[in-house]
Amino acid sequence: MRRLVLLAAIAAVLQGIGSATAQVYPARSITMIVPFAAGGITDTVARIVSDRMKTALGQAVVVENVTGAGGTIGLTRLFRSAPDGYTVAVGQWTSNVGSGAIYPLPFDLLNDFEPVSMLSIGPLWIMGSNGLPAKNLTELIGWLKENPDKASAGTVGAGSAAHMCFVYFQNMTTTRFKFVPYRGAAPALQDLVGGHIDLLCAEGGQTLSQYRAGSIRAFAVLTQNRWFAAPDVPTMEEAGVPGLQFPFWHGLWAPKGTPKEIIATLNAAVVEALADPSVRERYTDVGHEVAPRQQQTPEGLHAYHRAEIEKWWPIIKAANVKAQ
């Protein structure tokens, strides 16, 4: 009996410590892992939201870039972090969807992380060199069919969004062209402007200035609606290819086992940040919009994430895409 009483007392103390810990969270700065290089769109999305989250949390949120292997090195770091709320990670389609179909991962993308909230959504769009004879998407598809394997398209990493965009495009339009791999979007864009490659599918915000300057041609955006930053560019459906949508989204995750009350605190900080007009304006400046309110929840992010994996993994595997 004495032993049972002692065990009950210890359990009560431990429960009290856990509750107290949750109540004072966060007591120190939080590390936000970005699994891609500084200066890219994922880094920008993370820094905008982290800068505002510190106001709600009362602690600094420090961005740390942990790059490599399609974002999986950064996610591995998160997977191995303590589930105490002091390490989180921003991910996107390449790191949290595409990577799982081509890399042997030590974790399950859906079940080994705690979703916090979706953050932002931006467009991918198909761009072409000014030297191409096609002036619109219909003409481009016709020219590609008349000239199979003649055109070249830049890609940024096997299984990346930039790569799978064109794999999907080829499947939907029954066209064929060559892939030219690049180490990053910047050199691929430079070669597109210079006419060394014909096509590129990239995140809109990082290529908008070249389009506005007339250095490249934009054929269509891969979103349901036209992009506010370039309203003259049609959607794929308007351009004659229904069903080809590829929104480029970002979300926030914590390690598996992070207490629900800590997830709730992080989520509340994100929701507050995304409601701030200055955050919305900064996202707009880079061509993104804040995620819909129903997806700014752990459940909303998880459901969207699951749907993306169920859609894309069969496409990636059917294309036999392998890690480079």
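Here, every reference points to the structure presented above.
Caption draft 1: Looking closely at the packing of aromatic side chains. Going through the model one piece at a time under the given rule, you end up with 17 aromatic pairs. For the ring pair Phe166 and Phe169, a centre distance of 6.4 Å and an interplane angle of 80° mean the geometry is edge-to-face. Taken together, the residues span about one helical turn, with Phe166 and Phe169 both in helix H6 (residues 161–173) at a distance of three residues. Taken as a pair, Phe166 and Phe169 share a single burial class, namely buried. Consider the rings of Tyr168 and Trp312, whose centres lie 4.9 Å apart with planes at 70°: the pair is edge-to-face. Taken together, the residues Tyr168 in helix H6 and Trp312 in helix H11 (residues 298–318) connect sequence positions 144 residues apart. We classify Tyr168 as buried; its relative accessible area is 11%. Here Trp312 falls in the buried class, since its relative accessible area comes to 0%. Above the ring of Tyr86, the side-chain terminus of Arg28 is found at 3.7 Å from the ring centroid.

Caption draft 2: Summary view of the pairing of strand E9 (residues 217–221). Within E9, five of the five residues are buried, leaving the element largely enclosed by the surrounding structure. As paired strands, strand E5 (residues 124–128) and E9 are joined by four bridges and run antiparallel to one another. Residue pairing for E9: Gly128 is matched across the bridge by Arg217.

Caption draft 3: Structural context of the sheet that holds strand E8 (residues 199–203). One open sheet holds the five strands; their spatial order is E7-E6-E8-E5-E9, and the pairing between them is mixed. The open sheet has two edge strands with one neighbour each: strand E7 (178–182) and E9. Taking the axes of each pair of neighbouring strands and ignoring which way they run, one obtains an average angle of 30° across the sheet. Here two bridges tie strand E6 (residues 152–156) to E8, and the two strands are oriented parallel to one another. Looking across to E8, one finds that Ala153 is bridged to Leu199. Strand contacts of helix H7 (residues 185–193): E5, E6, E7 and E8, with the helix running at about 140° to E8, the strand carrying the most contacts.

Caption draft 4: Local environment of the pattern of salt bridges. Counted by the stated rule, this structure contains nine salt bridges. Of the charged contacts in the structure, one is a salt bridge between Arg28 and Asp84, with a shortest N-O distance of 3.6 Å. Within this pair, whereas Arg28 is found in the loop between helix H1 (2–24) and strand E1 (30–34), its partner Asp84 is found in the loop between helix H3 (72–79) and strand E3 (87–92), the two being separated by 56 residues in sequence. Relative accessible area serves as the criterion here: at 26%, Asp84 is assigned to the partly exposed category.

Caption draft 5: Structural context of the state of the cysteines. Scanning all chains against the criterion turns up one disulfide. Here Cys165 engages in a disulfide with Cys201; their sulfurs sit 2.0 Å apart. Judged by the torsion about the S-S bond (95°), the Cys165/Cys201 disulfide is right-handed. With Cys165 in helix H6 and Cys201 in strand E8, this residue pair connects regions lying 36 residues apart in the sequence. Judged by its relative accessible area of 0%, Cys165 is buried.

Calculation criteria
- Residues numbered from 1 in each chain as written.
- Predicted model: local features only at pLDDT ≥ 70, side-chain atom pairs only at ≥ 80, totals over all residues.
- Heavy atoms only, no water.
- Phe/Tyr/Trp six-rings, centres within 6.5 Å; stacked < 30°, edge-to-face > 60°.
- Helix = DSSP H or I, 4+ residues; strand = E, 2+ residues; numbered from the N terminus.
- Buried < 20%, exposed > 50% of the residue type's maximum accessible area, 1.4 Å probe, protein only.
- Lys NZ or Arg CZ within 6 Å of the ring centre and 35° of its normal.
- Pairing = 2+ DSSP bridges.
- Axes fitted to C-alpha atoms, helices over the stretch in contact; angles between N-to-C directions.
- Contact = heavy atoms within 4.5 Å.
- Salt bridge = Lys/Arg side-chain N within 4 Å of Asp/Glu carboxyl O.
- Disulfide = S-S within 2.5 Å.

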